[in-house]
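Observations on the three-dimensional arrangement
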Amino acid sequence: AQTVTQSQPEMSVQEAETVTLSCTYDTSESDYYLFWYKQPPSRQMILVIRQEAYKQQNATENRFSVNFQKAAKSFSLKISDSQLGDAAMYFCAYRTLNAGNNRKLIWGLGTSLAVNP
Amino acid sequence: GAVVSQHPSWVICKSGTSVKIECRSLDFQATTMFWYRQFPKQSLMLMATSNEGSKATYEQGVEKDKFLINHASLTLSTLTVTSAHPEDSSFYICSACRLPTATDTQYFGPGTRLTVL
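Residues numbered from 1 in each chain as written. Chains lettered and ligands numbered in written order. Predicted model: local features only at pLDDT ≥ 70, side-chain atom pairs only at ≥ 80, totals over all residues. Heavy atoms only, no water.

Each partner contributes residues to the interface: chain B has 24 residues there, and chain A has 17 residues. Applying the counting rule to chain B against chain A returns 1 salt bridge. With a closest N to O distance of 3.0 Å, A:Lys104 and B:Glu59 form a salt bridge. Going through the elements one at a time, strand E4 (32–38), strand E5 (44–51), strand E9 (90–97) and strand E10 (106–108) of chain B are the ones with two or more residues in the side of chain B that touches chain A. In terms of residue count, the dominant contributor to the side of chain B that touches chain A is E4(B) (4 residues). (Contact = heavy atoms within 4.5 Å. Salt bridge = Lys/Arg side-chain N within 4 Å of Asp/Glu carboxyl O. Helix = DSSP H or I, 4+ residues; strand = E, 2+ residues; numbered from the N terminus.)

Locating B:Phe91 in the fold gives a position in strand E9. Note on B:Phe91: relative accessible area 5%, which makes it buried. Sequence separation between B:Phe91 and B:Leu44 is 47 residues, and the spatial gap between their C-alpha atoms is 9.6 Å. Those residues in contact with B:Phe91 that lie beyond four places of it in its chain are A:Arg43, B:Tyr36, B:Arg37, B:Gln38, B:Pro110, B:Gly111, B:Thr112 and B:Arg113. (Buried < 20%, exposed > 50% of the residue type's maximum accessible area, 1.4 Å probe, protein only.)

To continue, consider the pattern of salt bridges. Pairing between side chains of opposite charge can happen when the charged atoms of each approach one another. Residues and elements named next belong to chain A. Enumeration over the complete set of coordinates arrives at 7 salt bridges over all chains. Here Asp-26 ties to Lys-73 by a salt bridge, and the two come within 3.6 Å at their closest N and O atoms. One end of the pair, Asp-26, is in strand E4 (residues 24–26); the other, Lys-73, is in the loop between strand E8 (64–69) and strand E9 (74–79), with 47 residues separating them in the sequence. Classification of Lys-73 as partly exposed rests on a relative accessible area of 27%. Here Glu-52 and Lys-55 are joined by a salt bridge, their closest N and O atoms 3.8 Å apart. Classification of Lys-55 by relative accessible area gives partly exposed; the value is 39%. Sharing partners across several salt bridges, the network here consists of Arg-50, Glu-52 and Lys-55.

Coordinates in, geometry out; function isn't part of it.
Spelled out as structure tokens, the structure:
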């Protein structure tokens, strides 16, 4: 069974600085999706970034980028120029590619990110 | 695009009553929706996968007779908590997969806070 591990329960960063959140996963599959979701205090889950395992290029969305290391099964999220609005819980998630009717996500426990002014 | 709504956003009920929570995909069709439960400062716990026109698939340990799921159309799934008790108090979140699309990403509703007195 697949598992997702986020080893940093809490992180903090100074405004305008860069922070990296770690995520590792375990799977025997070769094709899958990886996601980072953000959950601010409003508790609305927001998709931050998505990576297909068959793509070697790291996904990027504005200030958010990932470092996807397939062999190491690592999927870290880098937030550049941190803003106060980035303060939230960040969840890493895994989903098998050939899901058929099984599209459920495997979730990490989350990392709480504080942004200090 | 890809907006998911939930209604109500919060509800307080007496022990023994039933509560229905609606999840709607507003601008896309969703053949698959998911229902999660989240305790404070914890990750999401998948309760069930809801497929339009068929019976929901429940995760191990989730009582299907207590948490009734109906996915009657491509834009609406409902979760009914029957004979609610204080231990059912929680934050319930739904998500929907937008299909057909290559991304197959889950989009989340804003959640429903249930308090059972």
